Amino acid sequence: MIRLKYVVFGAIGLPVVLLLGAWIGFFNVGASSGHWKVTAWFLQLAMRSAVRTYALAVDAPKTLDRRGLPAAAGHFARGCAICHGAPGELRSPAVLRMLPQPPDLALTVGDWTDAQLFRIVRHGIRFTGMPAWPARDRDDEVWAMVAFLRELPKLDPNEFRALAFNGSGATTSSDQQPATPDVLSDCMRCHGGDGDGRGGAVPALAGQKEAYLLASLQAYAKGDRTSGFMALPVTGVDPADLAALARYFAAQPPVSADHDQVSAEVINKGQQIAEAGIPERNVPACSGCHLGSDKNPVYPRLNGQHAAYLERQLKLFRSEDRGGTPFWHIMATAAQRLTDDDIQAVSAYFSRRAEVPR
Ligand code: HEC
Ligand code: HEC
Ligand code: HEC
């Protein structure tokens, strides 16, 4: 009988005591004194075990795609270095007083597998300040970040700056510049001073249609098009500046993309799809909307665009994860019936059409 009394007291009394403790303000939530040793031990155990367990469900690629490195490095410099520091950039004293402290990742990434890093970067860590990825359904971007984190311990400050800031100092003497040159130089870190994009994953903007560029920037700013890489740079930019940026990049002369080796057979198949579609599967000819100067100004040019970028966008349209301008549904319909091989072929074809007048 006595034992039952203790159990009942434990089950009802303990929560009441804890609640009372919280209500009168007994628990110190200040960060300055750190956790009790046992709390710190418990939180680390819970965090590490949870990451390990949840990462079991992550399907990691055998080799990490390195084409997203410049974009990921560019994002790291703005979105992660503020807490974790970077090569040549110490963590600020303010951040070092966080509880828990954001670690210097160059020293700790080796403790984790690719799948575990993916899990951390994609979902963040509760109760620590470690944020989730700023865009949903963009696992490709998270994998690019994991590939970058693997490089991080090997980078010296100069190599990091070259990767993240594109050698920096990208300035221009054009009178088309937006009112805030800082914003433009931020764009150039990833899109290049010549607007040709970088690494295959950052699209070329040079010579793209102005109306499409502006509509896309507005879509990123409103969250109608999902990309963690683009969410940061467009946030807080004055709408008038977005228009100036679109004008600036549209006026740049197109640069031709460098190409991966692809067989002539693949290119021919791509040309076939571009010009005639795939009638038996109801895939429309891409040329109907993407070639010729008489088309809707919000239908983008694809000529000379990086094949890796085009492939990624088509896959995002296919799974309805891309979003975009108010016209994106049209593209989802066109992409739905394309196989991976079709996507590779048609992307390779358009990336090579640089020479043809757009
Ligand atoms: C607001 C501060 C903050 C920002 C911004 C931030 N992190 Fe973190 N991050 C943390 C904190 C705090 C931890 C430590 C969690 C812990 O120890 O429980 C952490 C942990 C991590 C870890 C696990 C490291 C380890 O060994 O424990 C990785 C990996 C990581 N962050 C990557 C990133 C990446 C990549 C970005 C940018 C996309 C980023 N973080 C942005 C605060 C931040
Ligand atoms: C951290 C690197 C990074 C920075 C900085 C950056 N971009 Fe981007 N940008 C990207 C990536 C990566 C994509 C492709 C995103 C996607 O998949 O939707 C992109 C896409 C775009 C697109 C869509 C192009 C298309 O063909 O649909 C536009 C327009 C654009 N960026 C303009 C800008 C402007 C203007 C700025 C400066 C305010 C800027 N970007 C800053 C990496 C960056
Ligand atoms: C009926 C018109 C139409 C047809 C046909 C069409 N598209 Fe599109 N496409 C669009 C529109 C509109 C967009 C812009 C979507 C947005 O960002 O909102 C677009 C965007 C794209 C993009 C993204 C470009 C970028 O810079 O991000 C790719 C890639 C693309 N289309 C490929 C194709 C391919 C390949 C075909 C043929 C199989 C095709 N499209 C057929 C209208 C069309």
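Each remark here, short or long, concerns the structure printed above.
Residues numbered from 1 in each chain as written. Chains lettered and ligands numbered in written order. Predicted model: local features only at pLDDT ≥ 70, side-chain atom pairs only at ≥ 80, totals over all residues. Heavy atoms only, no water.

A. Focus on the overall build of the protein chain. Check the secondary structure of the protein chain and you find 18 helices and 0 strands. For the protein chain, the spread of C-alpha atoms along the three principal axes comes to 90 × 50 × 40 Å. For the protein chain, with 358 residues in total, the buried portion stands at 43%. Contacts in the protein chain between residues far apart in sequence, at least 24 positions, make up 72% of those at least 6 positions apart. Separation of charge centres in the protein chain, based on 37 positive and 35 negative side chains, amounts to 9 Å. (Helix = DSSP H or I, 4+ residues; strand = E, 2+ residues; numbered from the N terminus. Buried < 20%, exposed > 50% of the residue type's maximum accessible area, 1.4 Å probe, protein only. Contact = heavy atoms within 4.5 Å. Lys, Arg positive; Asp, Glu negative; His and termini not counted. Charge placed at Lys NZ, Arg CZ, Asp CG, Glu CD.)

B. Layout of helix H2 (residues 37–55). Relative to the 27 Å expected for 19 residues at 1.5 Å per residue, H2 spans 27 Å between its end C-alpha atoms, a close match to the ideal helical length. Residues Met47, Val51 and Ala55 constitute the buried set of H2. Along the axis of H2, the buried positions cluster into a sector of 45 degrees, meaning they face one direction only. The outward face of H2, more than 90 degrees from its buried face, is lined by the exposed residues Val38 and Trp41. Against helix H7 (114–123) lie the buried residues of H2. (Expected span 1.5 Å × (residues − 1). Arc of directions from axis to C-beta.)

C. Highlighting the site of ligand 1. Surrounding ligand 1, one finds 22 residues, the nearest of these being Cys80, Cys83, His84, Trp112 and Met130. In the environment of ligand 1, an oxygen atom lies 3.5 Å from a nitrogen or oxygen atom belonging to the side chain of Gln44. Measuring from an oxygen atom of ligand 1, one finds a side-chain N or O atom of Thr108 at 3.0 Å. When each cavity is represented as a set of grid points, ligand 1 is found to reside in the second largest pocket. By residue number, the principal contributor to the shell around ligand 1 is H7, which donates 3 residues. Grouping the constituent residues of the shell around ligand 1 by class yields 16 nonpolar, 6 polar and no charged. (Near = heavy atom within 4 Å. Polar contact = N/O pair within 3.5 Å; in protein donor to acceptor, adjacent residues only side chain to side chain. 1 Å grid on protein atoms, 1.4 Å probe; cavity = no way out; pocket = protein on both sides within 12 Å on 5 of 7 lines; lining within 4 Å. Sits in = over half its atoms within 2 Å of the grid points. Nonpolar A, V, L, I, M, F, W, Y, C, P; charged D, E, K, R; others polar.)

D. Molecular detail of the coordination of the iron atom of ligand 1. Surrounding the iron atom of ligand 1 are the protein donor atoms His84 (NE2) and Met130 (SD), which sit 2.0 to 2.1 Å from the metal. Classification of the site at the iron atom of ligand 1 as octahedral follows from its 6 donor atoms and the range of 87 to 178 degrees in their angles at the metal. A residue pair is termed long-range when its members are at least 10 positions apart, and His84 in helix H4 (residues 81–84) and Met130 in the loop between H7 and helix H8 (139–151) qualify at 46 residues. (Donors = N, O, S within 2.8 Å, 3.2 Å for Na, K, Ca; no water. Tetrahedral: all angles 85-135°; square planar, octahedral: opposite > 155°, others 65-115°.)

E. Summary view of the coordination of the iron atom of ligand 3. For the iron atom of ligand 3, the full set of protein donor atoms is His290 (NE2) and Met331 (SD), and the range of their distances to it is 2.0 to 2.2 Å. Coordination at the iron atom of ligand 3 comes from 6 donor atoms whose angles at the metal span 86 to 178 degrees, giving a geometry best classed as octahedral. One end of the pair, His290, is in helix H15 (residues 287–290); the other, Met331, is in helix H17 (residues 328–336), with 41 residues separating them in the sequence. Residues His290 and Met331 agree in their burial class; the two are buried.

Any functional reading would require information beyond the geometric quantities listed.
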